[in-house]
Amino acid sequence: MLTGSEIRRKFLDFFVQKGHKEVHSSPLVPQNDPTLLFTNAGMNQFKDVFLGLEKRDYSRATTSQKCVRAGGKHNDLENVGFTNRHHTFFEMLGNFSFGDYFKKDAIAYAWELITAKEWFGIAKDKLYVTIFEGSGEPMLVPRDSEAYDLWLAEGVAKDRIFESGLKDNFWQMGDTGPCGPCSEIHYDMGPAASDQGHTDCAFPCDCGRYVEIWNLVFMQFDRDSSGKLNPLPKPSIDTGMGLERVTAVLQGVISNYETDLFTPLIEKAAELTGTSLARELENEARARSAASLRVIADHSRAATFLTSDGVLPSNEGRGYVLRKIIRRAIRHGRLLQAFGAREAPKGSLKPVSLDPRTFTSFSLPPQKPFLHEMVDSVVDLMKEAYPELVDTSRQVNKVVYAEEARFARTLDVALEKLEEFIENVKEEASQQALDYIGQILNASKRSIFEETRRKGNVIHVQEILTELVGATAANDLLQRLDERVRSILLAGDAAFRLYDTYGLPLDFIQDACRDARIGFDQAGFDRAMEEQKARARASWKGAAKQTANPAYQQLPKSEFEGYRQTRSDNCEVLAIIRNGQGAQELKPGEEGEVILDHTPFYAESGGQVGDKGWFYSDDHNTVVAEVKGCYYPVQGVRAHQVIVKSPPSAKNAEGWGTPVIRVGDKIDAVVNTDVREATMRNHTATHLLHAGLREVLGKHVKQAGSLVAPNHLRFDFSHFTAVEDEELQDIEDIINKEVLRNRKIETIENVPIDVAINEYHAMALFGEKYGDKVRVIRIGDFSTELCGGTHTAATGEIGLIKILKEGSVSSGVRRVEAITGEGSLAHFRRDHELEGVVSSFVSPHPSKIAKGGAAGSEDASRETISPADALKAELEKKDSEIKRLTRELDQARMKSASSSAANIGDKVKEVKGVKVLAHRVDNLERAQMRTLVDQLRDKIGSGVVILGSASNGNVALIVGVTKDLTSRVQAGKVIGPVAQKVGGKGGGRPDLAEAGGKDASALDAALDGAYGVVEGLLA
Ligand SMILES: [Zn+2]
Ligand SMILES: [Zn+2]
């Protein structure tokens, strides 16, 4: 039996042997089609070839194309896992003819591949084919008799050829453009495949028994804008065969999920979630739990391939679809883990709620992240056909793990909130229910009921009611009660908050309500959702890009000459914009924008800033304006932002105040080459940096934004963790080596975009819109990028590239800043100067001292200690010295304060029989003052001590009263008036009070006055 991988290989080999070029799958994110969310067909990467906009050096191709369908028109995410053939990620095998062979060969190839013994060898009696039956007004397309005859000629029986209409058998690219009839090949899976239990239905019953395996599109017509179909001069072929389907056919299984493209993943999912496929299949007869395994298998493929192609989980666009897929897989993993923790259902006992779609995760055991491990299994299974998966597997694993962790946190918070909401609703419901019962009982019974209730015995409502009104009436009452409780709903707007803010899936909420036997306010939820959408639309409108100023819309494009030169002579002024309006002239000193017919000025784009420079008058000698920048107001139009110079002398040829720049003037446009060259160095360095990051960190690194300015460069890229210092150094080493190799920068112009991506393997900015023809910048085999910027001729011109910093921009996106050329020199000079300063402060070889001057160690020590380390050691030494000195100073001050207090005898005054001491001790800490107050209180035995200290212009006061006096004099009352004199206030306990003040000059007087304050209190 052929494996899925062998089938893929055989398909490609068959067409290679028929003269087709094997082209690698394009990425899942379409390179050049903003209308498409994800690549969803093999022909996507050849669209422009079919449209005649692009030429390739081959006219036949075959591919195995990665595809994703989820979100948008084909949103069938909810079905995936519950059917045999729905997938988010799938592979589309195809053969393509670009005006080469047509129907005859396409049909012959298809029939040979699927029926020949040495290829797929499918029995002919299992096959059916369809052709287009033709259509009347308004399309008017004839029946595809040609295809009919060709199928007959291949030996297909007449009764096996069916005809079908526009819906199934006609294909069109858009409202206009290529279109044509199709032929499909269907396979009879047998009655067992019928979803509706049909035992002998005939083709084309759509019960699941007959499966389309290959669609051949014959691009025969070109529809013009009037709707008319004109025959294409060179008709083309585009076919698509779903690998998963044809594998199911060739492996003799009904469901795609039973093929070896999925079974290893399903087994892994079972292992990781603690169950087994056999057990889930057994359960499946009753519920649908094996669906969870299929969901995980399918979604882990989509998550792995999408993340590998650069999509990150987010709340919008492609990232939102990825997040939905990952979270749905995680949810199903949780369900399985919950089952695993329960007893397996026994006998005929019906499990309470085994259907994963109705099971809630309340009280689920703690969950183990598992999906990131599925990533590794997907990579193992698919790496042969898609080697790019190997390069990115580490990053993909990390991204999925982070999303699992994030979702787990979200669920924990949200579920707690949900439980709280539900509890509140239940409480209210039971309250209302009891009130209701109370109301419908007659007065005497009501009072008995109320009495029982008051006693708190509400659990036995049924018993009480039976006692009161009899069993039948009680049952009837309870039934009505139940209905009433169910009419109380979980508010839709509250539910929406959980859904919107916490990302709790709607079915989680609905199921939880069902389990709690309360209603769910679906209408309110829908309303809240609508309001949210309306708000989003309103804010989107506000944020939408302004349409171009009408003044710019009719302007001609300027020819750009700046790749080859920095000066263009005799440029004609085509238009002038002043204050947003078209103008005829700009006067001296005025600012405005000037459009030229040709120019060497680079307009800001692709991260590179616009050029600066000057306009010279037609004498080629006089500067008429300074150009401060250049940008695109609309695509293709280069606007020079200028300020017109005043004439150098009092008069020019036409006298004062005459216009200096007028529409129709000829000027010379001259770029400031210093600025341009510095910018170019940084741009080429950016390409080296990008390649260096990918080499050191991994191929998952993709550009997420950049700024190329003359004085520095900034590069944002996808990466999940901080870049280690050693990694940064490796990157610096690698890219500076490329500089020293002085590699030539090669520019290849007018390359078709798909050739650039798929054949040159040029790196393109993710999701960026490029033209049909692109410019490729190649630096040896080190870097190849799509780029419209200006570059140095060789890497040696860049000079030293120095990375200055690395940091985070947002989740999963890092930023590196770097400098080159003269910037690096200036930086190096500053560092060198600093080094000089450092060495004048620190001993040149501290390690020599440490080693005790061992013989011959001088050279070694010179190497081992860098100026930075020496400075650090010196500063640490100084720091501990300062700490030690501060400590010593404090001690010395305390000592001197204490000893000065030893001679305070003459300052102690007797006031109405109480000893009072007011004393000044400067530069003491508060803690020291407290200690001193204690010492002095002890010394005088009984009395009042007032201390004041000034330090740095601030005053600290403290008053202590011995315990025996606190009934007569309170410290808090003493300190108030004293503090007031130094501009402060304070208070405290009767025995101790503290205060601060701002007027140090008044401290002496305040202390002198303190005796009087105490005297007043004693009076
Ligand atoms: Zn049927
Ligand atoms: Zn570039």
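Not measured: the values here are computed from a predicted model. (Residues numbered from 1 in each chain as written. Chains lettered and ligands numbered in written order. Predicted model: local features only at pLDDT ≥ 70, side-chain atom pairs only at ≥ 80, totals over all residues. Heavy atoms only, no water.)

**Let's talk about the overall build of the chain**
Along its length, the chain carries 29 helices and 35 strands. Going through the 1019 residues of the chain one by one, you find that 49% of them count as buried. A total accessible area of about 49200 Å² is found for the chain, and carbon and sulfur atoms account for 50% of it. (Helix = DSSP H or I, 4+ residues; strand = E, 2+ residues; numbered from the N terminus. Buried < 20%, exposed > 50% of the residue type's maximum accessible area, 1.4 Å probe, protein only. Areas by Shrake-Rupley, 256 points an atom, 1.4 Å probe, with all protein chains shown as cover.)

**What about the coordination of the zinc ion (ligand 2)?**
Protein coordination at the zinc ion (ligand 2) comes from His683 (NE2), His687 (NE2) and Cys787 (SG), with a distance range of 2.1 to 2.3 Å. The sequence pattern formed by the donor residues of the zinc ion (ligand 2) is H-x3-H-x99-C. Residue His687 is found in helix 20 (residues 673-697), and its partner Cys787 is found in the loop between strand 27 (783-786) and strand 28 (802-810); the two are separated by 100 residues along the sequence. (Donors = N, O, S within 2.8 Å, 3.2 Å for Na, K, Ca; no water.)

**Some words on the coordination of the zinc ion (ligand 1)**
With distances of 2.1 to 2.3 Å, the protein atoms coordinating the zinc ion (ligand 1) are His198 (ND1), Cys201 (SG), Cys205 (SG) and Cys207 (SG). Because the angles between the 4 donor atoms bound to the zinc ion (ligand 1) fall within 97 to 118°, the donor set is best described as tetrahedral. Between consecutive donor residues of the zinc ion (ligand 1), the sequence gaps follow H-x2-C-x3-C-x1-C. With respect to class, Cys201 is no different from Cys207; both count as buried. (Tetrahedral: all angles 85-135°; square planar, octahedral: opposite > 155°, others 65-115°.)

**With respect to the nonpolar core**
Phe120, Trp151, Trp214 and Leu490 are the most contacted members of the largest nonpolar core, which has 111 residues in total. In this structure Trp214 touches Phe11, Phe15, Asn95, Ala110, Leu113, Ile114, Ser183, Glu184, Ile185, Thr239, Gly240 and Met241, once residues within four positions along its chain are discounted. (Core = buried A, V, L, I, M, F, W, Y, C linked by side-chain atoms within 4.5 Å. Contact = heavy atoms within 4.5 Å.)

**With respect to the pattern of salt bridges**
Counted under the stated rule, the structure contains 43 salt bridges. Taking the shortest distance from any N to any O, the salt bridge between Arg884 and Glu888 comes out at 2.9 Å. Of the two residues, Arg884 and Glu888 both sit in helix 26 (residues 867-902), 4 residues apart, roughly one turn of that helix. Among the ionic contacts, a cluster of salt bridges with common partners joins Glu738, Arg741, Arg743 and Asp781. (Salt bridge = Lys/Arg side-chain N within 4 Å of Asp/Glu carboxyl O.)

**Comments concerning the packing of helix 12 (residues 388-440) against helix 16 (residues 492-502)**
Two elements in contact, helix 12 and helix 16, have axes separated by 10 Å at closest approach and are oriented at 175°. Judged on the interaxial angle alone, helix 16 and helix 12 are roughly antiparallel. Note on element contacts: helix 16 touches helix 12 through Ala494, Arg497, Leu498 and Tyr502, opposite Thr410, Val413, Ala414, Lys417, Leu418 and Phe421. (Axes fitted to C-alpha atoms, helices over the stretch in contact; angles between N-to-C directions. Parallel < 35°, antiparallel > 145°, perpendicular 65-115°, else oblique.)

**Notes on the confidence of the model for the chain**
Summary statistics for the chain give a mean pLDDT of 83 and a share of 88% for residues scoring 70 or more. In the predicted structure, residues 539-548 sits below a pLDDT of 50 and forms 3 contacts with residues beyond four places in sequence or in another chain. Below a pLDDT of 50 lies the segment residues 846-858, which in the model reaches 10 contacts outside its immediate sequence neighbourhood of four places, other chains included. (pLDDT = per-residue confidence, 0-100.)

**Digging into the packing of aromatic side chains**
Applying the stated criterion across every chain yields a total of 32 aromatic pairs. Plain terms: the ring middles of Phe203 and Tyr210 are 5.4 Å apart, the flat faces sit at 90° to each other, and that makes the pair edge-to-face. Comparing Phe203 with Tyr210, the two get one shared label, buried. Aromatic pair Phe715 and Phe717: ring centres 6.2 Å apart, planes at 20°, arrangement stacked. Here the aromatic residues Phe11, Phe14, Phe15, Tyr101, Tyr109, Trp119 and Trp214 are joined through ring pairs into a cluster of three or more. Looking at Arg160, its charged tip hangs above the ring of Tyr128, at a distance of 4.2 Å from the centre. A cation sits over an aromatic face here: Arg775 above Tyr563, 3.5 Å from the ring centre. (Phe/Tyr/Trp six-rings, centres within 6.5 Å; stacked < 30°, edge-to-face > 60°. Lys NZ or Arg CZ within 6 Å of the ring centre and 35° of its normal.)

**So, the sheet that holds strand 23 (residues 703-708)**
Strand pairs in the sheet, formed through backbone hydrogen bonds, run parallel or antiparallel to each other. In space, the 4 strands of this open sheet follow the order 23-24-29-28, with antiparallel pairing throughout. Two strands bound the open sheet, and with one partner strand each, they are strand 23 and strand 28. Shown here is a sheet whose adjacent strand axes are inclined to one another by a mean of 15°, direction ignored. As paired strands, strand 28 and strand 29 (residues 813-819) are joined by 7 bridges and run antiparallel to one another. Counterpart to Gly807 in the pairing with strand 29 is Arg815. The sheet contacts of helix 20 involve strand 23, strand 24 (713-718), strand 28 and strand 29, and relative to strand 24 the element is tilted by about 30°. (Pairing = 2+ DSSP bridges.)

**Some words on the sheet that holds strand 30 (residues 909-911)**
Pairing is mixed across the open sheet formed by 6 strands, whose spatial order is 30-31-32-33-35-34. On the outer flanks of this sheet lie strand 30 and strand 34 (986-988), each paired with one strand and no other. Shown here is a sheet whose adjacent strand axes are inclined to one another by a mean of 20°, direction ignored. Where strand 34 lies against strand 35 (residues 992-997), 3 bridges are found, and the strand directions are antiparallel. Across the sheet, Gly987 pairs through a bridge with Glu994, a residue of strand 35. Taken strand by strand, helix 27 (residues 926-940) contacts strand 31 (914-920), strand 32 (943-951), strand 33 (954-961) and strand 35, and its axis lies near 150° from that of strand 32. Against the sheet, helix 29 (residues 1003-1018) touches strand 30, strand 31, strand 32 and strand 33, its axis set at about 165° to strand 31.

**Things to note about the side chain of Gln251**
As for its position among the elements, Gln251 is in the loop between helix 6 (243-250) and helix 7 (263-272). From its side chain, Gln251 meets the backbone oxygen of Leu2 in a polar contact 2.9 Å long. Those residues in contact with Gln251 that lie beyond four places of it in its chain are Met1, Leu2, Thr3, Gly4, Thr259 and Asp260. (Polar contact = N/O pair within 3.5 Å; in protein donor to acceptor, adjacent residues only side chain to side chain.)

**Thoughts on empty space enclosed by the protein**
Scanning the model with the defined rule gives 2 cavities of 30 Å³ or more in all. Of the volumes computed, that of the largest cavity is approximately 70 Å³. Taken together, the elements giving at least two residues each to the lining of the largest cavity come down to helix 9 (290-308) and helix 12. It is helix 12 that provides the largest number of residues to the lining of the largest cavity, a total of 3 residues. By volume, the second largest cavity amounts to about 30 Å³. Around the second largest cavity sit Arg394, Gln395, Lys398, His700 and His719, which together line it. Classifying every residue of the lining of the second largest cavity gives no nonpolar, 3 polar and 2 charged. (1 Å grid on protein atoms, 1.4 Å probe; cavity = no way out; pocket = protein on both sides within 12 Å on 5 of 7 lines; lining within 4 Å. Points joined across faces, edges and corners; volume = space filled by probe spheres on them. Nonpolar A, V, L, I, M, F, W, Y, C, P; charged D, E, K, R; others polar.)

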